[in-house]
Amino acid sequence: MMKCLLVEDEPLAMLRLKEYVGRVPFLSLVHAVDNGLEAIALLQHEPVDLIFLDVEMDGFSGLQLLETLTKRPAVILTTAFDQYALKAFDLQVTDYLLKPYTFERFMQAVVRAREGFAVPEKPADKAFIFVKTEYRLQKVNTEEILYIEGMRDYRRIHLESGKIMTLETFGELEQKLGSSLFCRVHKSFLVNLSKTESVERDRIKIGEVLIPVSDTYREHFYQLIGRSAKS
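Residues numbered from 1 in each chain as written. Predicted model: local features only at pLDDT ≥ 70, side-chain atom pairs only at ≥ 80, totals over all residues. Heavy atoms only, no water.

## Digging into the packing of aromatic side chains
In this description, an aromatic ring pair is defined by two values, namely the gap between the centres and the angle between the planes.
Then comes step 1: Per the counting criterion, the structure on display carries 8 aromatic pairs.
Then comes step 2: Where tyrosine 20 meets phenylalanine 106, the ring centres are 5.2 Å apart and the plane angle is 55 degrees; that geometry is what we call tilted. Highlighted residues: tyrosine 20 in helix 1 (residues 11-22) and phenylalanine 106 in helix 5 (residues 103-118), separated in sequence by 86 residues. In terms of burial, tyrosine 20 and phenylalanine 106 fall into one category: buried.
Then comes step 3: For the pair tyrosine 147 and phenylalanine 189, a centre-to-centre distance of 6.2 Å together with 50 degrees between the ring planes defines the contact as tilted. Taken together, the residues tyrosine 147 in strand 8 (residues 145-151) and phenylalanine 189 in strand 12 (residues 189-192) connect sequence positions 42 residues apart. (Phe/Tyr/Trp six-rings, centres within 6.5 Å; stacked < 30°, edge-to-face > 60°. Helix = DSSP H or I, 4+ residues; strand = E, 2+ residues; numbered from the N terminus. Buried < 20%, exposed > 50% of the residue type's maximum accessible area, 1.4 Å probe, protein only.)

The following block contains the structure:
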């Protein structure tokens, strides 16, 4: 469970944040405040795992708040302006949400924060695997895998840098990958959750590709990304 602090001075934006946080099983709302100074005072006595932080607030901005924190939790910035993106990158925030944002975009940011939060509790993900392709074993960096597609007797591994064909089964590939970042979502697809850009109507968007989530794998997939399959 990730403990959250909401820092937002727009009432409607705060209502949206509370609603979205309430829909995510692994998020626990600890406090919601409308200014940075109150947030700093709270953090001194009650640390949290994740802050949703508005950038522009009267008197003390979200960026000023970040710069005062010596021990910083994961931070997701929320703002109606895109000119702070470079500064957000410099401050190494988890994500940057432009208002008005959808629940799917919110969920993408939260999943990214959860991955960072869960890393110390999980075995280290494998940096690479070897895959049988024709007459050789091909080294594949797992962080480059976007998704794996079934094509009759073959599996096509879609990478950021190209594609690889293999006769290895989904079961063999899942065993090699050995990571909760990879999830079977359909009899013909296995996806890298960290490459997922959005999920809408049981379709996963990775790049320009829409991948269906079938009934067989639907519940497990939504459990992994921390959302009820019925929501």
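Don't stop here, the text continues.
## Points about helix 1
Then comes step 1: The first and last C-alpha atoms of helix 1 sit 16 Å apart over 12 residues, in line with the 16 Å expected at 1.5 Å per residue.
Then comes step 2: Looking at helix 1, one finds that the buried residues are Ala13, Met14, Leu17, Tyr20 and Val21. Each buried residue of helix 1 sits inside an arc of 130 degrees when the element is viewed along its axis, so together they form one side. Residues Pro11, Leu12, Leu15 and Gly22 are exposed on helix 1 and point more than 90 degrees away from its buried face. (Expected span 1.5 Å × (residues − 1). Arc of directions from axis to C-beta.)

## Looking at the sheet that holds strand 11 (residues 182-186)
Then comes step 1: Read across the sheet, 5 strands follow the order 10-9-8-12-11 without closing on themselves; strand pairing throughout is antiparallel. Two strands in the sheet have a free side with no partner beyond their single neighbour: strand 10 (162-166) and strand 11. The mean inter-strand angle of the sheet, taken between neighbouring strand axes irrespective of direction, is 20 degrees.
Then comes step 2: Pairing analysis gives 3 bridges linking strand 8 to strand 12, with the strands arranged antiparallel. Paired with glutamate 149 across the strands is phenylalanine 189, a residue of strand 12.
Then comes step 3: Sheet strands in contact with helix 6 (residues 170-177) are strand 8, strand 9 (154-159), strand 10, strand 11 and strand 12, and its direction is about 160 degrees off that of strand 8. (Pairing = 2+ DSSP bridges. Axes fitted to C-alpha atoms, helices over the stretch in contact; angles between N-to-C directions. Contact = heavy atoms within 4.5 Å.)

## So, the environment of tyrosine 154
Then comes step 1: Secondary-structure assignment places tyrosine 154 in strand 9.
Then comes step 2: A sequence separation of 81 residues divides tyrosine 154 from proline 73, and the C-alpha atoms of the two residues are 43 Å apart.
Then comes step 3: Contacts of tyrosine 154, omitting those with residues within four sequence positions, involve Glu149, Met165, Thr166 and Leu167.

## Focus: the layout of surface pockets
Then comes step 1: By volume, the largest pocket amounts to about 310 Å³.
Then comes step 2: Contributing to the lining of the largest pocket are 13 residues, with Leu43, Pro47, Lys71, Arg72 and Pro73 lying nearest its centre.
Then comes step 3: The leading source of residues in the lining of the largest pocket is helix 2 (residues 36-45), at 3 residues. (1 Å grid on protein atoms, 1.4 Å probe; cavity = no way out; pocket = protein on both sides within 12 Å on 5 of 7 lines; lining within 4 Å. Points joined across faces, edges and corners; volume = space filled by probe spheres on them.)

## Examining the pairing of strand 9
Then comes step 1: Strand direction decides the pairing type here: strand 8 and strand 9, joined by 6 bridges, are antiparallel. Among the inter-strand pairings, methionine 151 is bridged to a residue of strand 9, identified as tyrosine 154.
Then comes step 2: Linking two consecutive strands that pair antiparallel, namely strand 8 and strand 9, is a turn of 2 residues; a positive phi of about 55 degrees is found at arginine 152 within it.
Then comes step 3: Here strand 9 runs beside strand 10; their pairing, made up of 5 bridges, is antiparallel. Paired with histidine 158 across the bridge in strand 10 is lysine 163.
Then comes step 4: Between strand 9 and strand 10, which pair antiparallel one after the other, the connecting turn spans 2 residues.

## Quick word on the confidence of the model for the protein chain
Then comes step 1: Per-residue pLDDT for the protein chain has a mean of 87; in total, 91% of the residues score no lower than 70.
Then comes step 2: Here residues 119-124 is modelled with pLDDT under 50, and outside its nearest four sequence neighbours on either side it reaches 1 contact, counting other chains as well. (pLDDT = per-residue confidence, 0-100.)

## Here's the deal with the nonpolar core
Then comes step 1: Grouped together as the largest cluster of nonpolar side chains are 36 residues, with contacts concentrated most on Leu27, Phe52, Phe106, Val185, Ile204 and Phe221.
Then comes step 2: For this core, the secondary-structure elements that each account for two or more residues are strand 1 (2-7), helix 1, strand 3 (50-54), helix 5, strand 11, strand 12, strand 14 (203-206) and helix 7 (215-224).
Then comes step 3: Looking at this core, the element that brings in the most residues is helix 5, giving 7 residues.
Then comes step 4: For leucine 27, the contacting residues outside a window of four places in its chain are Met1, Met2, Cys4, Val21, Leu50, Phe52, Phe106 and Val110.
Then comes step 5: Counting 21 residues, the second largest nonpolar core, distinct from the first, contains Val55, Met57, Leu63 and Val93. (Core = buried A, V, L, I, M, F, W, Y, C linked by side-chain atoms within 4.5 Å.)

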